[in-house]
Amino acid sequence: MTYCLGMLLDAGLIMIADTRTNAGVDDISSYRKLHCLADSSDRCIYAASAGNLSTTQTTIGLLREGVPSGGGEETLLRTIAEPTSMFRAAQLVGEALQLANETVGKALATIKISGSASLLLGGRIGDGKPALFLIYPSGNFIECKPDVPFFQIGETKYGRPILDRTLHHTTSLAEAMKIGFLSFDSSIRSNLAVARPLDLMVMPATPGTPTLTRRIEEDDAYFDDLSARWGDLLADAAASIPDPPFMAGLNGH
């Protein structure tokens, strides 16, 4: 299991993914889950993956080496360098994931192992605005819209409440990064299947602005400070709320 988060804002796009993968409590490893699929003068595209590692690695490999087209005597290979829009890119990624699920997934099913995987696809092509898509295991997808400006995959439940309460499409990139880190901090606190290092990318909405990438290591000072401050603030907030009136006299007050 893992946790991946994508946030699509007026100011740009943020994607964050942890690196924890496990096949049981005694077999825990770290693998990069945020992948750069394309970084050229006309496109910058990233994918974050959750689910079976074999399936996701096969999908990423197909997108880089070529997704075979169906039908005909000659098989044409299509890569992520070819789509003319992010919508077309999402279609191609969906095909690659569907193919990986049909091959790797079926093979794993014979030994009763789930091969299911899902992806977050984000980026821009040309001078278009950044876009974010959630690609389901069957290859279908949905696009992120301002009403709910984020997508999650993997271990999502612990990190969602703060996103629902505080994240809006008008949120600045810096504020959204703090909220994203708090979402991951909550997940890390409550689930051993999510852990640092975290990989992230930030794509400002203005075309031509460089995309920022960074790894948050296990000893990152800013993340440690954020986590400690958030814990203290939560404790202070809980203490400042009046006790339920029906509890009067039951706690020695």
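You'll find the structure just up there.
Only a predicted model underlies this, so the values are computations on that prediction, with no experimental measurement involved. (Residues numbered from 1 in each chain as written. Predicted model: local features only at pLDDT ≥ 70, side-chain atom pairs only at ≥ 80, totals over all residues. Heavy atoms only, no water.)

Scanning all chains against the criterion turns up 5 aromatic pairs. Between the aromatic rings of Phe181 and Tyr222, the centroid separation amounts to 6.2 Å while the plane-to-plane angle is 55 degrees, which identifies the pairing as tilted. Of the two residues, Phe181 sits in helix α4 (residues 173-190) while Tyr222 sits in helix α5 (residues 221-240), which places them 41 residues apart along the sequence. Classification of Tyr222 as partly exposed rests on a relative accessible area of 42%. When the ring of Phe181 is compared with that of Phe223, the centres are 5.4 Å apart and the planes differ by 65 degrees; the resulting orientation is edge-to-face. Of this pair, Phe181 sits in helix α4 while Phe223 is found in helix α5, placing the two residues 42 residues apart along the sequence. There is no split in this pair, since Phe181 and Phe223 are both buried. Ring-pair connections join several aromatic residues into one group, and the members of that group are Phe87, Phe133 and Phe141. (Phe/Tyr/Trp six-rings, centres within 6.5 Å; stacked < 30°, edge-to-face > 60°. Helix = DSSP H or I, 4+ residues; strand = E, 2+ residues; numbered from the N terminus. Buried < 20%, exposed > 50% of the residue type's maximum accessible area, 1.4 Å probe, protein only.)

Our focus in this paragraph is the pairing of strand β2 (residues 12-18). Each regular strand displays side chains that alternate between the two surfaces of the sheet. Among the 7 residues that make up β2, 7 are buried, leaving the element largely enclosed by the rest of the structure. On β2, burial covers both faces: Gly12, Ile14, Ile16 and Asp18 on one face and Leu13, Met15 and Ala17 on the other are all buried. The pairing of strand β1 (residues 3-9) with β2 spans 6 bridges and is antiparallel. Each residue of the ladder has a partner; that of Gly6, found in β2, is Met15. Joining the antiparallel neighbours β1 and β2 is a turn of 2 residues. Where β2 and strand β13 (residues 198-204) come together, 7 bridges link them in antiparallel fashion. Bridging from a neighbouring strand, Gly12 pairs with Pro204 of β13. (Pairing = 2+ DSSP bridges.)

Now for the environment of Glu82. Within the fold, Glu82 resides in the loop between β8 (77-78) and α2 (86-109). Glu82 gets classed as partly exposed once you look at its relative accessible area, which sits at 45%. Once the C-alpha coordinates of Glu82 and Tyr3 are considered, the two residues, 79 residues apart in sequence, prove to be 29 Å apart. Those residues in contact with Glu82 that lie beyond four places of it in its chain are Arg43 and Leu77. (Contact = heavy atoms within 4.5 Å.)

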